[in-house]
Amino acid sequence: KGVKPPRLPLPGRGLRLSANQTPITNLAEAVAAAMAWTRTQYANAPLAFFVDGLDKLDPSSVDEIFGSGVLSLSPCPVVYAAPLALRYTVKGVGLEPHFTFLTVHNFPIFDQHRHDRRNVAAFADMRELVGKRLAAAQLDAAAVFSDGLTEGGLIDDAIEMSGGVTQTLLGLLDSALRSAVVRAGSGAALIDRAILDQVIEDARKALALRVRPSQFELLRRVQATAQQP
């Protein structure tokens, strides 16, 4: 705080660069220099380099970043997020001796073999998560949901739609709360059945737009067999 670090020469957005090209090597050197500079500024205090957003990239793009050596040249521990698919690539397996892997799973809200059967414990965990988020925002669950955070209520329907993905659940609830605020005006903002059903329907339509027609048959097979072909 209060100290402006060196500016990193980030490669151009949208460019596909190999590990030995100048923009990549410049970036790798700048990362190392920034870490060394920061260590000097803070009297050799312990440092950790957090790289966020790699989980938004496809595995082939992340694979290029691994291969470039940008992260490995940093003179401090590096913590970063990457897609789970990368863990099973050839290069991902080759990184095992050098990195500690922590796999963060989604909440398993359905039984592994009966995808129409809810996992009670996982639903309870996600309700608790929502309760903590509301408390942190100084919001009363009873003032947000027409039935509070009751088991089997509106919140559980939102959890089911999320598929156990925290970010998706919070996005659904954010959309529902915005709709409730608009409808209520200056009154109490309650998420009721009508609002949640509309938000879920909008989310389903948005997901369907991202699925190619050729993938629908594959999804039907997964739904019918509860197994990945």
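Above this text is the structure in question.
Residues numbered from 1 in each chain as written. Predicted model: local features only at pLDDT ≥ 70, side-chain atom pairs only at ≥ 80, totals over all residues. Heavy atoms only, no water.

The subject of this paragraph is the environment of F216. Assignment of secondary structure puts F216 in helix 9 (residues 213-225). Overall, F216 belongs to the partly exposed group, its relative accessible area being 32%. (Helix = DSSP H or I, 4+ residues; strand = E, 2+ residues; numbered from the N terminus. Buried < 20%, exposed > 50% of the residue type's maximum accessible area, 1.4 Å probe, protein only.)

This part covers unusual backbone geometry. Phi at Q138 is positive, roughly 60 degrees, even though this residue is not glycine. Counting through the fold element by element, Q138 comes out in the loop between helix 4 (120-136) and helix 5 (141-144). The exposure class assigned to Q138 is exposed, which follows from its relative accessible area of 75%.

Glancing now at helix 6 (residues 154-162). Taking burial as the measure, the 9 residues of helix 6 include 7 buried ones, the bulk of the element. All buried positions along helix 6 are accounted for by L154, I155, D156, A158, I159, M161 and S162. Close packing links the buried residues of helix 6 with helix 4, helix 7 (166-184) and helix 8 (193-209). Remark: G163 follows helix 6 within two positions and exhibits a positive phi of approximately 70 degrees. (Contact = heavy atoms within 4.5 Å.)

Taken as a whole and judged by the stated rule, the model has 10 salt bridges. The residue D157 makes a salt bridge to R193 at a minimum N-O spacing of 2.9 Å. Linking D157 in helix 6 with R193 in helix 8, this pair joins segments that are 36 residues apart in sequence. For D157, a relative accessible area of 22% gives the class partly exposed. Under the relative-accessibility criterion, R193 is labelled partly exposed at 38%. Among the ionic contacts, a cluster of salt bridges with common partners joins R118, R127, D156, D157, E160, R193 and D197. (Salt bridge = Lys/Arg side-chain N within 4 Å of Asp/Glu carboxyl O.)

Structurally, L149 can be placed in the loop between helix 5 and helix 6. Note on L149: relative accessible area 23%, which makes it partly exposed. Distance in space between the C-alpha atoms of L149 and A124 is 9.8 Å, their sequence separation being 25 residues.

Between helix 7 and helix 8, the shortest axis-to-axis distance is 9 Å and the interhelical angle comes to 130 degrees. One element, helix 7, and the other, helix 8, form an angle in the oblique class. With respect to the hand of their crossing, helix 7 and helix 8 are arranged in right-handed fashion. Residues L172, S175, A176, S179, A180 and R183 of helix 7 form the contact with helix 8, whose participating residues are I195, V199 and A203. (Axes fitted to C-alpha atoms, helices over the stretch in contact; angles between N-to-C directions. Parallel < 35°, antiparallel > 145°, perpendicular 65-115°, else oblique. Left-handed = near helix turned anticlockwise from the far one by under 90°.)

Before going further, it helps to examine the packing of helix 4 against helix 6. How two helices pack is summed up by the angle between their axes together with the distance between the axes. For the pair helix 4 and helix 6, interaxial distance at closest approach is 10 Å and the crossing angle is 110 degrees. Here helix 4 is positioned roughly perpendicular relative to helix 6, judged by the angle of their axes. In contact with F123, M126, R127 and V130 of helix 4, helix 6 contributes I155, D156, I159, E160 and S162. In terms of residue class, the contact of helix 4 with helix 6 is built from 5 nonpolar, 1 polar and 3 charged. (Nonpolar A, V, L, I, M, F, W, Y, C, P; charged D, E, K, R; others polar.)

A few words on the nonpolar core. V130, F145, I159, L169, L173 and I191 are the most contacted members of the largest nonpolar core, which totals 26 residues. In this structure I159 touches I109, F123, M126, R127, G164 and L169, once residues within four positions along its chain are discounted. (Core = buried A, V, L, I, M, F, W, Y, C linked by side-chain atoms within 4.5 Å.)

A separate point is the environment of I159. One can find I159 in helix 6. What makes I159 buried here is its relative accessible area of 0%. C-alpha of I159 to C-alpha of V130: the two residues are 29 residues apart in sequence and 9.8 Å apart in space.

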